[in-house]
Amino acid sequence: MNNIIDGTKISLKIRKQVKTLLKKENITPCLAVIQVGDNKASLVYIKNKKKACEDVGIRFEHIKFNDTISEDLVINEIKRLNNDISVNGILVQLPLPEGFDEGKIINQIDPLKDVDGLTYPNVGNLVLENDCLVPCTPLGVMELLKAYKINLATKNVCLVGRSNLVGKPLIQLLLKEDATLSICHSKSLDIKNYTTKADVLIVAAGHPNLITKNMVKEGAVVIDVGINKEGNLLCGDVDFKEVSKKASLITPVPGGVGPMTVSCLLKNVVKAYKLQN
Ligand code: GUN
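A brief look at the structure comes next. None of the values given here were measured: they were computed from a predicted structure.

### Notes on the site of the ligand
As a matter of local geometry, the ligand sits amid Tyr-45, Leu-91, Val-92, Gln-93, Leu-94, Asp-116 and Leu-165. Between the ligand and Val-92 there is a distance of 2.8 Å, counted from a nitrogen atom to a backbone nitrogen or oxygen. When isolated, the ligand has an accessible area of 280 Å², and the protein chains bury 84% of it. Of the residues contributing to the shell around the ligand, the split by class is five nonpolar, one polar and one charged.

### Overview of the pattern of salt bridges
Enumeration according to the criterion identifies 12 salt bridges in this entry. Note that Lys-64 and Asp-38 form a salt bridge whose closest N and O atoms lie 3.0 Å from each other. On the criterion of sequence distance, the pair formed by Lys-64 in strand S2 (residues 59-65) and Asp-38 in the loop between strand S1 (30-36) and helix H2 (40-56) is long-range, its members being 26 residues apart. Since its relative accessible area comes to 39%, Lys-64 is described here as partly exposed. Linked by salt bridges that have partners in common, Glu-61, Glu-77 and Arg-80 make up one network.

### Details of the packing of H2 against helix H10 (residues 257-276)
Closest axis-to-axis distance for the H2/H10 pair is 10 Å, and the angle between their directions is 50 degrees. Relative to H10, the element H2 is oriented oblique. Here H2 runs over H10; the crossing is right-handed. Across the interface between the two elements, Asn-48, Lys-49, Ala-52, Cys-53 and Val-56 from H2 touch Val-262, Leu-265 and Leu-266 from H10. Of the residues contributing to the contact of H2 with H10, the split by class is six nonpolar, one polar and one charged.

### So, helix H1 (residues 7-25)
For H1, which comprises 19 residues, the first-to-last C-alpha distance of 27 Å matches the rise-based estimate of 27 Å (1.5 Å per residue) to within 8%. Burial in H1 covers these residues: Gly-7, Ile-10, Ser-11, Ile-14, Arg-15, Val-18 and Leu-22. Taken down its axis, H1 places every buried residue within 140 degrees of arc, on the same side. Opposite the buried face of H1, by more than 90 degrees, sit the exposed residues Lys-9, Lys-13, Lys-16, Thr-20, Lys-23 and Lys-24. Where H1 begins, one side-chain oxygen reaches toward the backbone nitrogen of Thr-8, 3.3 Å away; that side chain belongs to Asp-6. Asn-26 sits one or two residues past H1 and shows a positive phi near 50 degrees.

### Thoughts on the pairing of strand S6 (residues 200-203)
Burial of S6 is two-sided: the residues Val-200 and Ile-202 facing one way and the residues Leu-201 and Val-203 facing the other way are all buried. Pairing geometry for strand S4 (residues 156-160) and S6, over four bridges, is parallel. Pairing of Val-160 across the sheet is with Val-203, part of S6.

Definitions and limits used
- Residues numbered from 1 in each chain as written.
- Predicted model: local features only at pLDDT ≥ 70, side-chain atom pairs only at ≥ 80, totals over all residues.
- Heavy atoms only, no water.
- Near = heavy atom within 4 Å.
- Polar contact = N/O pair within 3.5 Å; in protein donor to acceptor, adjacent residues only side chain to side chain.
- Areas by Shrake-Rupley, 256 points an atom, 1.4 Å probe, with all protein chains shown as cover.
- Nonpolar A, V, L, I, M, F, W, Y, C, P; charged D, E, K, R; others polar.
- Salt bridge = Lys/Arg side-chain N within 4 Å of Asp/Glu carboxyl O.
- Helix = DSSP H or I, 4+ residues; strand = E, 2+ residues; numbered from the N terminus.
- Buried < 20%, exposed > 50% of the residue type's maximum accessible area, 1.4 Å probe, protein only.
- Axes fitted to C-alpha atoms, helices over the stretch in contact; angles between N-to-C directions.
- Parallel < 35°, antiparallel > 145°, perpendicular 65-115°, else oblique.
- Left-handed = near helix turned anticlockwise from the far one by under 90°.
- Contact = heavy atoms within 4.5 Å.
- Expected span 1.5 Å × (residues − 1).
- Arc of directions from axis to C-beta.
- Pairing = 2+ DSSP bridges.

Pasting the structure below:
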């Protein structure tokens, strides 16, 4: 039985849909990505985003600053992009170098162009279940669960991780689908007590092999959001080799949530375009 969730396949389907829509409506939205410094992982992520955008017909603007730039100059650039009607999405690639105030910088972005869904209005609207721009990785996780017809209303869901970018927005999206939730994090004393009760286990902790076979319920659906490097190889937060013997469905790394994040970013750029036009 094939129990591997094919994130690449589903993400390509979404990219095709976006491409078709842009062609049909004859529009070319634009995404601007601001990078500060030379974080190696960020370079790879930005390259992937650029390729995905250009493949579907979204214009991509990459604005790169040295880590010696001042916070004020980064903010000036965001203000310029806010005022540029040809730019529809603005994303500040995270993490920013040490010393930069991430919250202050991100909240300069016009909420209607905030394709990462990280500004205060978008965070608040997500909590209140108003339509808004929602962070891409949580959206990607929900799209995968939907594609595999997992009905969350009848499930115990355990989420490991509480980051602003993934864990916290996922809480809202899962609640909206009536999931019953337990949330674990780095200060939780006995993660296993919660993970073993989960019908759906979602892990976004950033620790390779955090989740081992003895921590997973037989037949669980396991979504691994982690992207870690071990030597030259990418791996998730879940011991895939062992846990895949026990899970009814499981995402691989790479090829699971990763490509979905990029596809949901494309959808968010189109959504931002429509909110502005
Ligand atoms: N760094 C890693 N993932 C992301 C993301 O989804 N958005 C931003 N802005 N930075 C990231």
